[in-house]
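Analysis of the macromolecular model
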Amino acid sequence: MQIAVDRLTCDGVRGLLEAHLADMYATSPAESVHALDMQGLKHQSITFWSARENGKVLGCVALKHLAGEHGEIKSMRSAENARHRGVATALLQHLITQAKQRGYRRLIPIRINK
């Protein structure tokens, strides 16, 4: 599995994010959904990574720079066929390593409202 910065241009990432948004709206009140669409994830304050294996998207995660030494975890998702394979763990570990390298002292977790 390779984890790399993703520019959000491939259909695999698009499909994963569309499923993520659909799930968020299906399981949470609309006012509680804080997930970003592809355009929102392209903001300069956000770094987006995808995990891939043999060219197939296995999952994704994003880190949003807030103020000073703070960041927020965004859009963490594993593809249905990649669940229970350690993809989410690898993505989260990668994000935490990147946050530490940036000098972040606090990460705000993903908001889950059900």
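Since we're looking at a predicted model, the values are computed, not measured.

Turning our attention to the sheet that holds strand β2 (residues 46–53). One open sheet accounts for five strands, arranged β1-β2-β3-β4-β5; its pairing is mixed. In this open sheet, the two strands that pair with only one neighbour each are β1 (2–5) and β5 (106–108). For this sheet the average axis-to-axis angle between neighbouring strands, irrespective of direction, equals 25°. Inspection of the sheet shows strand β3 (residues 56–65) paired to strand β4 (residues 70–78) by six bridges, in the antiparallel sense. Note that in β4 the partner of Leu-63 across the bridge is Ile-73. Contacts from helix α1 (residues 11–27) reach β2, β3 and β4, with the element oriented near 100° to β4.

A few words on the environment of Pro-109. The residue Pro-109 is located in the segment after β5 in this model. You can call Pro-109 exposed: its relative accessible area is 52%. For the pair Pro-109 and Lys-74, spaced 35 residues apart in sequence, the C-alpha to C-alpha distance is 8.0 Å.

Another point: helix α3 (residues 87–101). The α-helix advances 3.6 residues per turn, and as a result positions three or four apart in sequence lie on the same side. Counted at 1.5 Å a residue, the expected span for α3 with its 15 residues is 21 Å, and the 21 Å between its end C-alpha atoms agrees. Every buried residue of α3 is listed here: Val-87, Leu-91, His-94, Leu-95, Gln-98 and Ala-99. Down the axis of α3, the smallest arc covering the buried residues is 135°, so these residues share one side. Elements in contact with the buried residues of α3: β1, β2, β3, β4 and β5. Within two residues after α3, Gly-103 carries a phi angle of roughly 85°, on the positive side.

Scoring rules and cut-offs
Residues numbered from 1 in each chain as written. Predicted model: local features only at pLDDT ≥ 70, side-chain atom pairs only at ≥ 80, totals over all residues. Heavy atoms only, no water. Pairing = 2+ DSSP bridges. Helix = DSSP H or I, 4+ residues; strand = E, 2+ residues; numbered from the N terminus. Axes fitted to C-alpha atoms, helices over the stretch in contact; angles between N-to-C directions. Contact = heavy atoms within 4.5 Å. Buried < 20%, exposed > 50% of the residue type's maximum accessible area, 1.4 Å probe, protein only. Expected span 1.5 Å × (residues − 1). Arc of directions from axis to C-beta.

Honestly, that's just the spatial picture; any functional story needs more than this.
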